[in-house]
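The primary structure of each chain is shown beneath.
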Amino acid sequence: MTTEDFALEGGCACRGVRYRLTAPPIYVHCCHCRWCQRETGSAFVLNAMIEAGRVELLKGEPLAVMTPSNSGKGQKITRCPDCMVALWSNDAGAGDALNFVRVGTLDDPDRVPPDIHIFTDSKQPWVILPKDKPSFPEYYNRKEVWPAAALARRSAALGR
């Protein structure tokens with residue numbers, strides 16, 4: 001998938017907020033930590049990391065809500081102000097430079113499978129991890145795992 005021919009839209013449940021990704025995600029995490037389980041009410045969360053400037057708002061005015069996080073630094077979750085569906089989040093480390101788009105809010109989430117499974121030590125026991133994707137009991141060193149292009153995009157987004 002190249003940046004030039006990529007476009008993928010998504011939005012909330014009530015369709016009051018719509019957005020478009022104008023490039024493929026940098027990297028997609030499937031996080032199995034207990035914090036993500038609690039926050040989503042599910043067994044894991046799928047977050048597609050992408051430069052904030054590559055998330056184009058098409059409709060509506062989303063609401064940014066500061067929430068606690070496991071790190072203690074908090075995170076900003078962007079939600080539809082009407083149905084309150086979480087669309088993306090921003091963590092304290094990357095700030096507003098990188099959005100972590102909730103893959104389930106995409107119209108075609110099948111196009112954005114996870115690249116990696118993390119915090120698998122706390123995954124639900126009935127979740128079976130695919131053998132063809134890397135997985136880590138906790139977090140990992142991205143320099144050892146990510147392709148060079150993904151590392152470069154992240155660095156550029158963070159101004160490094």
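Rules of the game
- Residues numbered from 1 in each chain as written.
- Predicted model: local features only at pLDDT ≥ 70, side-chain atom pairs only at ≥ 80, totals over all residues.
- Heavy atoms only, no water.
- Helix = DSSP H or I, 4+ residues; strand = E, 2+ residues; numbered from the N terminus.
- Buried < 20%, exposed > 50% of the residue type's maximum accessible area, 1.4 Å probe, protein only.
- Polar contact = N/O pair within 3.5 Å; in protein donor to acceptor, adjacent residues only side chain to side chain.
- Contact = heavy atoms within 4.5 Å.
- Arc of directions from axis to C-beta.
- Pairing = 2+ DSSP bridges.
- Axes fitted to C-alpha atoms, helices over the stretch in contact; angles between N-to-C directions.
- Core = buried A, V, L, I, M, F, W, Y, C linked by side-chain atoms within 4.5 Å.

1. A look at the side chain of Asn47
With respect to the secondary-structure elements, Asn47 resides in strand S4 (residues 45–51). By relative accessible area, Asn47 is classed as buried at 12%. Within the structure, Asn47 has its side chain in polar contact with the side chain of Arg102 (distance 3.3 Å). Once residues lying within four places of it in the same chain are set aside, the contact partners of Asn47 are Tyr27, Val28, His29, Phe100, Val101, Arg102 and Val103.

2. Re helix H3 (residues 148–157)
Taken together, the buried positions of H3 are Ala150, Arg153 and Arg154. Projected onto a plane normal to the axis of H3, the buried residues spread over an arc of 95° and lie on a single side. Set apart from the buried face of H3 by more than 90 degrees, the exposed residues are Ala148, Ala149 and Ala156. For H3, the elements touching its buried residues are S4, strand S9 (98–102) and helix H2 (142–145). Of the residues one or two after H3, Gly159 is the one with positive phi, at around 70°.

3. Remarks on the environment of Glu56
Looking at the secondary structure, you find Glu56 in strand S5 (residues 55–59). With relative accessibility at 34%, the residue Glu56 sits in the partly exposed group. Sequence separation between Glu56 and Val145 is 89 residues, and the spatial gap between their C-alpha atoms is 28 Å. Those residues in contact with Glu56 that lie beyond four places of it in its chain are Arg18, Tyr19, Arg20 and Thr22. At a separation of 2.6 Å, a polar atom in the side chain of Glu56 contacts the side chain of Arg20.

4. Remarks on the sheet that holds strand S1 (residues 8–11)
An order of S1-S2-S5 is seen for the three strands of this open sheet, with the pairing classed as antiparallel. A strand with exactly one partner marks an edge of an open sheet, and here the two such strands are S1 and S5. On average, each strand axis in the sheet is tilted by 30° relative to the strand beside it, whichever way the strands run. When S1 meets strand S2 (residues 18–21), the two strands line up antiparallel, connected through four bridges.

5. Some words on the nonpolar core
Residues Tyr19, Leu21, Val55, Val101, Leu106 and Val112 are the most contacted members of the largest nonpolar core, which totals 17 residues. Discounting chain neighbours no more than four positions away, the residues touching Leu21 are Phe6, Ala7, Leu8, Ile50, Arg54, Val55, Val101 and Leu106. Counting 16 residues, the second-largest nonpolar core is a separate cluster that includes Tyr27, Leu98, Tyr140 and Leu158.

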